[in-house]
Amino acid sequence: MLSLPDHWLWDFWIADDGTAYHLFFLKAPRGGDPDQRHWNLCIGHAVSADLRVWEVLADAIQPSSEAAFDDGATWTGSVVRGDDGLWNMFYTGLSRADGRQVQRIGVANSSDLHTWTKRGRQAVVTSDARWYEQFSVTGRKEAWRDPWVMRDPDGHGWHMMITASAHSGPADDRGVLGHARSTDLISWEVRPPLSRPGSGFSELEVPQVAVIDGAPLVLFSCLGRQLSAARRDAGEQGGVWALQPERLLGPYDVTRAVRLTDESLYSGRVVQDRDGRWRFLAFHNTDRSGAFVGALSDPLELPQALGSIPLASGHVEPDRNHAHPGGSVPLGADGSHQAAPSEGSG
């Protein structure tokens, strides 16, 4: 488990350069109200050869010091390498000009995954009122964040999946996976969402789309308080969710999603290790007392059959917030983490 002594870390994304895994994560100073961490943060950076032992490096991206789409906050993103060899980090920005109510997506470039240069002060992808909820219309925050960028499987450019809200329906049931396309990672065309509202979620956070053993997999996260009233009334709770769609690029029937973890783990990602095995990582959200933890989990084993994954709990003890790297941790049959018998497992 990667935990920082002076900072919380939470949402994260990983880039693999073939030698090292580069972890980018939201990072804020510990202390005070953890719910306020979203407004005093930057994007941190660490590297690992095995997804277990991490070396923390200099921060990757800070909010802009001058007026820009991201002068209010820099939130979750993803990294892809373009055909020109440059790395592109697409990330969420919030602006002080609108009270940080409108989420937009911008990009920074790097040749080495260490030094990043923002591509101007303007966002490169913004929400489209034809399909998505607008702050100017509803007065509610405009969800347009957590971009997950991937190549088109047929070689026709790039796709971006986005945490978004539809422009109609009950406020607690508008969560959709937004969609945009590009041929060059520079110009983007916003498209209709890949899922429908009315699926029981107000938000589908931190999406990831992957292909595992030839089968598409969609991950997203949703806390219990962000579920629809119908799901809450039925006793459902939040966590990391998974969906196995028929087609990689949708449409996605989110009503078929299954919950992989309870709320002690959040913002789950899958990544392939050097042995070709798929691993699941998430951040530790709460400990057994309910306090915010803010640390990265050890890798969890991902069974080949998604339906065979028992519900996982990532609870850690309140006095173990500053853990050290550990080994691979399988999902336990009793719904808990089962620590591997390696030193430092936790």
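Each chain has its residues counted from 1, following the order in which its sequence is written. The model is predicted, so local features are restricted to residues of pLDDT at least 70 and side-chain atom pairs to those at 80 or more, both for listing and for counting; the totals for chains, interfaces and linings are taken over all residues. Here the side-chain values reflect all heavy atoms present in the structure, with hydrogen atoms and water set aside.

S.K.: Sorry if this is basic, but what is going on with the overall build of the protein chain here?
M.R.: Secondary structure elements are defined from DSSP: runs of H or I of at least 4 residues count as helices, runs of E of at least 2 residues count as strands, and each element is numbered from the N terminus. What the protein chain contains, in helices and strands, is 2 helices and 20 strands. For the exposure calls, accessible area comes from a 1.4 Å probe over protein chains only, and a residue counts as buried if that area is under 20% of its type's maximum, exposed if over 50%, partly exposed in between. Within the span of the protein chain, comprising 346 residues, buried residues form 57% of the whole. The contact criterion used is simple: two residues touch if any of their non-hydrogen atoms lie within 4.5 Å. Sequence separation of at least 24 residues holds for 54% of the intrachain contacts in the protein chain that already meet a minimum separation of 6.

S.K.: Please explain the sheet that holds strand 5 (residues 73-81) as it appears in this structure.
M.R.: Taken in spatial order, the 4 strands make up an open sheet running 5-6-7-8, and their pairing is antiparallel. Two strands bound the open sheet, and with one partner strand each, they are strand 5 and strand 8 (117-118). A pair of strands counts as paired when DSSP detects no fewer than two bridges linking them. The sheet contact formed by strand 6 (residues 87-94) and strand 7 (residues 103-110) spans 8 bridges and is antiparallel. Within strand 7, the residue paired with Leu94 across the bridge is Gln103.

S.K.: Sorry if this is basic, but what is going on with the sheet that holds strand 11 (residues 175-182) here?
M.R.: Hydrogen bonding along the main chain pairs the strands of a sheet, whether they run parallel or antiparallel. On the basis of which strands lie adjacent, the open sheet formed by 4 strands has the order 9-10-11-12 and antiparallel pairing. The open sheet has two free edges, formed respectively by strand 9 (144-151) and strand 12 (189-191), since each of these has just one partner strand. Recorded for the sheet is a direction-independent mean angle of 30° between the axes of neighbouring strands. In this structure, strand 9 lies alongside strand 10 (residues 158-165), joined through 6 bridges in antiparallel fashion. Paired with Trp144 across the strands is Ala164, a residue of strand 10. Think of each axis as a best-fit line through the C-alpha atoms, taken over the contacting stretch in the case of a helix, with angles from 0 to 180 degrees between the N-to-C directions.

S.K.: Can you help me understand the packing of aromatic side chains in this one?
M.R.: Each aromatic ring pair is described using two quantities: the centre-to-centre distance and the angle formed by the ring planes. Only Phe, Tyr and Trp rings are paired, with Trp represented by its six-membered ring, and only when their centres lie within 6.5 Å; those with planes under 30 degrees apart are stacked, over 60 edge-to-face, the remainder tilted. Inspection of every chain in the model, using the stated rule, returns 12 aromatic pairs. The rings of Trp8, Tyr266, Phe283 and Phe292 are connected pair by pair, giving a single aromatic cluster. Consider the ring centre and the ring normal. A charge sits over the ring if Lys NZ or Arg CZ is within 6 Å of that centre and within 35 degrees of that normal. Over the face of the ring belonging to Trp10 we find Arg37, whose NZ or CZ atom lies 4.6 Å from the ring centre. Residue placement shows Arg37 over the ring face of Phe292; its charged tip is 4.0 Å from the ring centre.

S.K.: Hey, could you run me through the environment of Trp144 in this one?
M.R.: Relative to the helices and strands, Trp144 resides in strand 9. Overall, the relative accessible area of 0% leaves Trp144 in the buried class. With 51 residues separating them along the chain, Trp144 and Gly93 place their C-alpha atoms 9.4 Å apart. In contact with Trp144, other than residues within four places in its own chain, are Thr92, Gln103, Arg104, Ile105, Val125, Thr126, Ser127, Tyr132, Ile162, Thr163, Ala164 and Val190.

S.K.: I tried to follow the pattern of salt bridges on my own but got confused; where do I start?
M.R.: Oppositely charged side chains may form a pair once their charged atoms are brought near each other. Any Lys or Arg side-chain nitrogen located within 4 Å of an Asp or Glu carboxyl oxygen qualifies as a salt bridge. Inspection of every chain in the model, using the stated rule, returns 20 salt bridges. Here Asp98 ties to Arg104 by a salt bridge, and the two come within 3.0 Å at their closest N and O atoms. Overall, the relative accessible area of 18% leaves Asp98 in the buried class. Through salt bridges with shared partners, a single ionic network connects Lys141, Arg145, Asp146, Glu203 and Glu205.

S.K.: What is the right way to look at the confidence of the model for the protein chain in this model?
M.R.: Close inspection of predicted coordinates is inappropriate for parts of the model with low pLDDT. Per-chain confidence: the protein chain averages 89 in pLDDT, with 87% of residues scoring 70 or above. Every residue in residues 318-346 is under pLDDT 50, and counting partners more than four places away or in other chains gives 81 contacts. Scored from 0 to 100, pLDDT records how confident the predictor is in each individual residue.

S.K.: Hey, could you run me through the nonpolar core in this one?
M.R.: One broad rule of soluble globular proteins: the nonpolar side chains tend to lie buried together. Counting residues in hydrophobic clusters, the biggest one holds 26 residues, and the most contacted among them are Trp10, Phe24, Ile43, Ile61, Val79, Met89 and Trp116. The set of elements that each furnish at least two residues to this core consists of strand 1 (7-16), strand 2 (21-29), strand 5 and strand 6. Contact partners of Trp116, with chain neighbours within four places excluded, come to Phe24, Ala60, Ile61, Val79, Trp87, Asn88, Met89, Ala108, Asn109 and Ser110. Only buried residues count toward a nonpolar core. Its members are Ala, Val, Leu, Ile, Met, Phe, Trp, Tyr and Cys residues joined through side-chain atoms within 4.5 Å.

S.K.: Is there a simple way to think about the side chain of Thr74 in this case?
M.R.: With respect to the helices and strands, Thr74 occurs in strand 5. Taking the relative accessible area as the measure of exposure, Thr74 reaches 0% and is therefore buried. Beyond its immediate stretch of four places on either side in the chain, Thr74 contacts Leu26, Leu41, Cys42, Ile43, Ile61, Gln62, Pro63, Tyr91 and Thr92.

S.K.: Hey, could you run me through the pairing of strand 5 in this one?
M.R.: If a strand is regular, its side chains alternate between the two faces of the sheet. Where burial is concerned, most of strand 5 is hidden: 8 out of the 9 residues are buried. Summarising the sheet, strand 5 and strand 6 pair through 8 bridges and their orientation is antiparallel. By the bridge assignment for strand 6, Gly77 is matched with Tyr91. Between strand 5 and strand 6, which pair antiparallel one after the other, the connecting turn spans 5 residues, and Gly85 there sits at a positive phi close to 90°.

S.K.: Whenever I open this one, the pairing of strand 6 confuses me. Can you help?
M.R.: For strand 6, the tally of buried residues reaches 8 of 8 residues, placing the bulk of the element in the interior. Judged by which residues are buried, strand 6 turns out to be covered on both faces: Trp87, Met89, Tyr91 and Gly93 on one side and Asn88, Phe90, Thr92 and Leu94 on the other are all buried.

S.K.: Would you mind going over unusual backbone geometry with me for this structure?
M.R.: Backbone geometry follows two general trends: most residues other than glycine have a negative phi, and most peptide bonds adopt the trans configuration. Residue Gly250 is joined to Pro251 through a cis peptide bond whose omega torsion reads 10°. As for its placement among the helices and strands, Pro251 is situated in the loop between strand 15 (239-243) and strand 16 (258-259). Notably, Arg100 is not glycine yet its phi reads approximately 60°, a positive angle. With respect to the helices, strands and loops of the structure, Arg100 is situated in the loop between strand 6 and strand 7. Its identity is not glycine, yet Ser267 carries a phi of approximately 55°, on the positive side. Structurally, Ser267 can be placed in strand 17 (residues 265-272).

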